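# Residue-level structural notes
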Amino acid sequence: YVESNGNIYFGDNSLYRLFKYNAVTKRVTTFAGKGVNSMTGDGGKATSASLKSVFSIVMGTGQLYFADGSRIRMVDMTTSIITSIAGATGNYAATCANSLNLGTTNSVAIGTSGAIYFGDNARVRQMVATTNASCWSHKVVLGTSKTGGLLSDISVPMWAFSDIAAISGIWVNSNESIFIAEPAFSRIRYSFDLSAPTGQPTRQPSGQPTRQPSCQPTSQPSRDPTSQPTVQPSRQPSSQPTRQPSG
């Protein structure tokens, strides 16, 4: 991830760390991780935590989020405290995302609404903060299940893509429309505006063009042709000469 000031955040999964490149000092420092292959250390300094595999990094308002193994983790940019906001072990129907058992989470994105979107194997989950800082609500918005906690009463039907393969990348535009990468199918897929009241695209393509071709010209000639010319010659030739030669 590249900040507007030029700072770069990147993961090194052979060292189990997340690094920061400072554009001013030109130095690389450890931002999160202590070089141990695990997912522990929540509630403490990010540099004292263990990481599994950093694949996707995004920046929110004062927080950095990244996908780590089967979790989504957050680092407070002021305190450097790391927290797992999604992902746990053993619970597939948890109300809070941080107690939810997840598959591989190697992609994360932030919508303009502040919602977090992330890939969970062959699903896309939407996650939003609640008044309880330790509980993020969640819901599957694309994929094979609509189950989730706390967001289940919000009208965001999962109308698209029931056959998603494992997701390797995700991006959300200003309309909260989702783009996903599916390596198994070698394709990029796109969902329409999920913030639309009905969950359907805000603008549906029509099955027919807006203007249909006509089999007749739109304007007819002002004068139709007839079988006879409209103007006859003023003088017709005679079959006999006008003057006969004298005998």
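Here is a short report on the structure shown in this document.

About the criteria used
- Residues numbered from 1 in each chain as written.
- Predicted model: local features only at pLDDT ≥ 70, side-chain atom pairs only at ≥ 80, totals over all residues.
- Heavy atoms only, no water.
- Pairing = 2+ DSSP bridges.
- Helix = DSSP H or I, 4+ residues; strand = E, 2+ residues; numbered from the N terminus.
- Axes fitted to C-alpha atoms, helices over the stretch in contact; angles between N-to-C directions.
- Patch = residues over 30% accessible without salt bridge, like charges linked within 9 Å, V, L, I, M, F, W, Y side chains within 5 Å.
- Areas by Shrake-Rupley, 256 points an atom, 1.4 Å probe, with all protein chains shown as cover.
- Salt bridge = Lys/Arg side-chain N within 4 Å of Asp/Glu carboxyl O.
- Disulfide = S-S within 2.5 Å.
- Buried < 20%, exposed > 50% of the residue type's maximum accessible area, 1.4 Å probe, protein only.

### Here's the deal with the sheet that holds strand β7 (residues 82-86)
In any sheet, the strands associate via hydrogen bonds between backbone groups, in a parallel or an antiparallel arrangement. With antiparallel pairing, the four strands of this open sheet are ordered in space as β4-β5-β6-β7. Only two strands of the sheet have a single neighbouring strand rather than two, namely β4 (54-59) and β7. Put simply, the sheet's adjacent strands are angled 25° from each other on average, direction ignored. Note: strand β6 (residues 71-76) against β7, four bridges, orientation antiparallel. Bridge pairing in β7 links Met-74 to Thr-83.

### A word on a nonpolar patch on the surface
On the surface, Val-2, Ile-8, Phe-10 and Val-28 cluster together to form a nonpolar patch covering roughly 310 Å² of accessible area. Summarising the element assignment, Phe-10 is placed in strand β1 (residues 8-12).

### What about the state of the cysteines?
Taken as a whole, this structure holds one disulfide when the rule is applied. Between Cys-96 and Cys-135 runs a disulfide, and the two sulfur atoms are separated by 1.9 Å. Negative torsions about the S-S bond denote left-handed disulfides, and the value of about -95° found for Cys-96 with Cys-135 makes this one left-handed. Separated by 39 residues along the polypeptide, Cys-96 in the loop between β7 and β8 (108-110) and Cys-135 in the loop between β10 (123-129) and β11 (136-142) bring together distant segments of the chain. Each member of the pair Cys-96 and Cys-135 is classed as buried.

### A look at the pattern of salt bridges
A full pass over the atoms with the stated rule returns four salt bridges. Between Arg-73 and Asp-68 there is a salt bridge, with its nearest N and O atoms 2.9 Å apart. Side by side, Arg-73 and Asp-68 carry an identical accessibility label, which is buried. Connected through salt bridges with shared partners, the residues Asp-42, Asp-68, Arg-71 and Arg-73 form a single ionic network.

### Focus on unusual backbone geometry
Comment: phi is negative for the bulk of residues other than glycine, and the bulk of peptide bonds are trans. At Tyr-16, a residue that is not glycine, the phi angle is positive and equals roughly 55°. Of note, Lys-26 is a non-glycine position whose phi angle comes to about 65°, a positive value. Inspection of the secondary structure assignment puts Lys-26 in the loop between β2 (17-21) and β3 (28-32). The exposed category is assigned to Lys-26, whose relative accessible area is 57%.

### Quick look at the sheet that holds β2
One open sheet holds the three strands; their spatial order is β1-β2-β3, and the pairing between them is antiparallel. Edge strands, defined here as strands with exactly one partner in the open sheet, are β1 and β3. With direction set aside, neighbouring strand axes in the sheet form an average angle of 35°. Sheet topology places β1 next to β2; five bridges connect them, and they run antiparallel. Within the sheet, the bridge partner assigned to Gly-11 lies in β2 and is Leu-18.

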